[in-house]
Each structure stands twice: as C-alpha cells, then as structure tokens.
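Now for the letters of each chain:
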Amino acid sequence: MDTDLHTMNLLFDQLGLPSEDKEIERFIVRHRPLPRGLQIHEASFWKPAQAKFLKESLDIDAEWAELVDELDARLRY
C-alpha cells in the first residue's frame, strides 16, 4: 500500500476537518484519550459520515487505512 500520496493533512481534508498541522494537533489533544475498547469510528465526536468513512477505510483496508490507524494510535495516548 502506497501512502506517500496520503498524509494526515489529506485525511483531515477527507473528513472535512481543518487540516493545518496545528489544527490536527489541537484536534488530537482535545479528543484524547480514546477509551480502551472503543473503536475509532465509535467515538462520539465524529459526524455520521466521518464515522462511516473511518470504519469503511479499516474494514476494506482502503488506501486510507494506515493513516486511520495512525490517527487512532495518536488519539489513544
């Protein structure tokens, strides 16, 4: 899977969220830590379309899956 074309900034664009580096960090700080056992797409701060995109990206191992995993990890600590 080639993620060179996909960045965290582009993932946030895809989710319809501010995608500047500082905005991404603010988002992560504001929403962490995700509780153990809660899947990323189940978090209450996502809009339904965002949650669906995250779940589908992981379910089908889409080109975004690696970045969704990275975001998940960053939201957990």
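Residues numbered from 1 in each chain as written. Predicted model: local features only at pLDDT ≥ 70, side-chain atom pairs only at ≥ 80, totals over all residues. Heavy atoms only, no water.

Another aspect to go through is the nonpolar core. Grouped together as the largest cluster of nonpolar side chains are 20 residues, with contacts concentrated most on Leu11, Ile40, Trp46 and Leu71. Counting only elements with at least two residues in this core, the list comes to helix 1 (8-14), helix 2 (21-31), helix 3 (48-59) and helix 4 (65-76). With four residues, the top contributor of residues to this core is helix 4. In contact with Trp46, not counting residues within four places along its chain, are Leu15, Leu17, Phe27, Ile40, His41, Ala51, Leu54 and Leu71. (Core = buried A, V, L, I, M, F, W, Y, C linked by side-chain atoms within 4.5 Å. Buried < 20%, exposed > 50% of the residue type's maximum accessible area, 1.4 Å probe, protein only. Helix = DSSP H or I, 4+ residues; strand = E, 2+ residues; numbered from the N terminus. Contact = heavy atoms within 4.5 Å.)

Next up on the list: the packing of aromatic side chains. Summed over all chains, the structure comprises five aromatic pairs. With 5.3 Å between their ring centres and 90° between their planes, Phe12 and Phe27 make a pair best called edge-to-face. Taken together, the positions of Phe12 in helix 1 and Phe27 in helix 2 put the pair 15 residues apart, joining distant regions of the chain. For the residue pair Phe12 and Phe27, the accessibility class agrees, reading buried in each case. An angle of 55° between the planes, with centres 4.8 Å apart, marks the rings of Phe45 and Trp46 as tilted. Taken together, the aromatic side chains of Phe12, Phe27, Phe45 and Trp46 make up a single cluster linked through ring pairs. When the ring centre of Tyr77 is taken as reference, the NZ or CZ atom of Arg32 above it lies at 5.5 Å. (Phe/Tyr/Trp six-rings, centres within 6.5 Å; stacked < 30°, edge-to-face > 60°. Lys NZ or Arg CZ within 6 Å of the ring centre and 35° of its normal.)

Under the 1.5 Å per step criterion, the end-to-end length of helix 3 is 16 Å for 12 residues, consistent within 8% with the ideal 16 Å. Within helix 3 the residues assigned to the buried category are Gln50, Ala51, Phe53, Leu54 and Ser57. Mapping the buried residues of helix 3 onto a view down its axis gives an arc of 160°, with all of them on the same face. Pointing more than 90 degrees away from the buried face of helix 3 are the exposed residues Pro48, Ala49, Lys52 and Asp59. In the segment just after helix 3, Asp61 is the residue with positive phi, at about 50°. (Expected span 1.5 Å × (residues − 1). Arc of directions from axis to C-beta.)

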